[in-house]
Amino acid sequence: MAVDLLLGLQWGDEGKGKIVDVLTKNYDIIARFQGGPNAGHTLEFDGIKHVLRTIPSGIFHDKSINVIGNGVVIDPVVFAKELEGLDQFDIDYKKKLIISRKAHVILPTHRLLDAASEASKGKAKIGSTLKGIGPTYMDKTGRNGIRVGDLELSDWKDKYRALADKHEAMIAFYDVDIQYDLKELEEEFFKSVEVLKTLQFIDSEEYLYKAQQEGKTILAEGAQGSLLDIDFGTYPFVTSSNTTAAGACTGLGVAPNKIKEVFGIFKAYTTRVGSGPFPTELFDEVGAEMAKVGHEFGAVTGRPRRCGWLDLVALKYACQVNGVTQLMMMKGDVLSGFDTIKVCTAYKYKGEEITHLPYNIEPENLTPVYTEYKGWTEDLTKMTTKEELPQNLLEYIDFIEKETGIPIKIVSVGPDRKQTILR
Ligand code: IMP
């Protein structure tokens, strides 16, 4: 049985959590393959809003098993709080949630290192969520990390101590003003590790292989977005994992030829949180209106998100790198009421018109070239069928489909599960 893959095509916050939640009924297993608690996957149903950080978005469905893959980095402290948040829903997570032994553990000092590194960068800071993601992946690729499987070994605390001591020396090297009480942080950390250890640790690549042999259906869930990919994103303003399709292979141990559908999620406009280039960013009242209507504040940090028009150059690039087979357009409802909808189809770059992402996107050298569409005024949030969608929105959708060559199969018109139109 093949594995389907769902990922974000922009700078994150596209609404992946909602779509995984909507699609989960079709899958036996939902598996997260990268990132960590820098993610905030928001799900809304029955009037309740819930934000997941590390736990896959299938957790609210009775049937599905949720796997945290080897490519994920786990902070036991955040994880224990996440489990606490699930308690009110009466979910049997000891049965429904399993964790790869090969996933890496975020230590308290990883978080401190993240803060020290950002503080030392001054104006050039990445705008990290400060969850320790970068330093943890650095230790992983530097072959110094602690893995979930290590927590079952009797000497893991010796390894912990050596690594934490090294981190403290590194924090001192940065010479920035970071206040912390490591003893207190460690107390919380060791307590949370015990909570983590109450869950099942598995060799998830074996588990997923067997599941495929048995004909089970699997959905791989990405976090962040393609333009935050460590290789293909707007480096260095990126996260530290491969958020693109290849990340699902390395982050779960799924072979490339086993991947079938690649669902690419994008917003009808664009947002970005944190620093870095964003060619279609709006600094006027239109951008402010998008932020207001779309409630564009980070689910993890509460930071306001930067807003702008849809960037088709970047979207096509993301579709290409990921091999997207189906598109899903989110937050179409937010664009209701604008007289004109703009979509960027090329860039003017150093006097030339180009249709690819240049190696360096320096804002001073790059201006978006827009195609304009007539807006619509109808409130989409109550619509339930594709026949109800306004003609001007359909024209916008048609244009995106033609440009990308990929069908838009879902149009989301609000945060609730029910506000999902299938095409
Ligand atoms: P980090 O992964 O927390 O170090 O953050 C690196 C960059 O990725 C920053 O610009 C963050 O704002 C951005 N980022 C990380 N996770 C997310 C996410 O889940 N949604 C949107 N942006 C994110």
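What comes next concerns the included structure.

Rules used in this analysis
- Residues numbered from 1 in each chain as written.
- Predicted model: local features only at pLDDT ≥ 70, side-chain atom pairs only at ≥ 80, totals over all residues.
- Heavy atoms only, no water.
- Near = heavy atom within 4 Å.
- Polar contact = N/O pair within 3.5 Å; in protein donor to acceptor, adjacent residues only side chain to side chain.
- Helix = DSSP H or I, 4+ residues; strand = E, 2+ residues; numbered from the N terminus.
- Expected span 1.5 Å × (residues − 1).
- Buried < 20%, exposed > 50% of the residue type's maximum accessible area, 1.4 Å probe, protein only.
- Arc of directions from axis to C-beta.
- Pairing = 2+ DSSP bridges.
- Axes fitted to C-alpha atoms, helices over the stretch in contact; angles between N-to-C directions.

### Section: the site of the ligand
Near the ligand you find 15 residues, and of these Asn38, Ser128, Thr129, Thr239 and Val273 are the closest. Contacts to the ligand include Ser128, whose side-chain N or O atom sits 2.9 Å from an oxygen atom. Thr239 places a side-chain nitrogen or oxygen 2.6 Å from an oxygen atom of the ligand.

### Things to note about helix 7 (residues 182-196)
The end-to-end C-alpha distance of helix 7 is 20 Å, a good match for the 21 Å that 15 residues give at a rise of 1.5 Å each. Residues of helix 7 that are buried: Leu182, Leu185, Glu186, Phe189, Ser192, Val193 and Leu196. An end-on view of helix 7 places all buried positions within 130° of arc, on one side of the element. Pointing more than 90 degrees away from the buried face of helix 7 are the exposed residues Lys183, Glu184, Glu187 and Lys191.

### A word on the environment of Val193
Residue placement: Val193 occurs in helix 7. Distance from Val193 to Gly36, taken between C-alpha atoms, is 16 Å for residues 157 residues apart in sequence.

### Focus on unusual backbone geometry
Put simply, Tyr235 and Pro236 share a cis peptide bond, and its omega is 5°. Of note, Pro236 is situated in the loop between strand 10 (218-221) and helix 9 (245-252). Phi at Asp13 takes a positive value of approximately 60°, unusual for a residue other than glycine. Turning to its location among the elements, Asp13 is positioned in the loop between strand 1 (3-8) and helix 1 (16-23). We classify Asp13 as partly exposed; its relative accessible area is 25%. The residue Gln224 is not glycine, and still its phi comes out positive at about 55°. With respect to the secondary-structure elements, Gln224 resides in the loop between strand 10 and helix 9.

### Topic: the sheet that holds strand 10
On the basis of which strands lie adjacent, the open sheet formed by 10 strands has the order 9-7-5-2-10-1-11-15-19-20 and mixed pairing. The outermost strands of the open sheet, each flanked by one partner alone, are strand 9 (200-202) and strand 20 (420-422). If you compare each strand with its neighbour and ignore which way they point, the axes differ by 25° on average. The pairing of strand 15 (residues 326-330) with strand 19 (residues 408-412) spans three bridges and is parallel. Across the sheet, residue Leu327 finds its bridge partner in strand 19, namely Ile408.

### Quick look at the environment of Val313
Inspection of the secondary structure assignment puts Val313 in helix 11 (residues 312-322). For the pair Val313 and Thr404, spaced 91 residues apart in sequence, the C-alpha to C-alpha distance is 9.5 Å.

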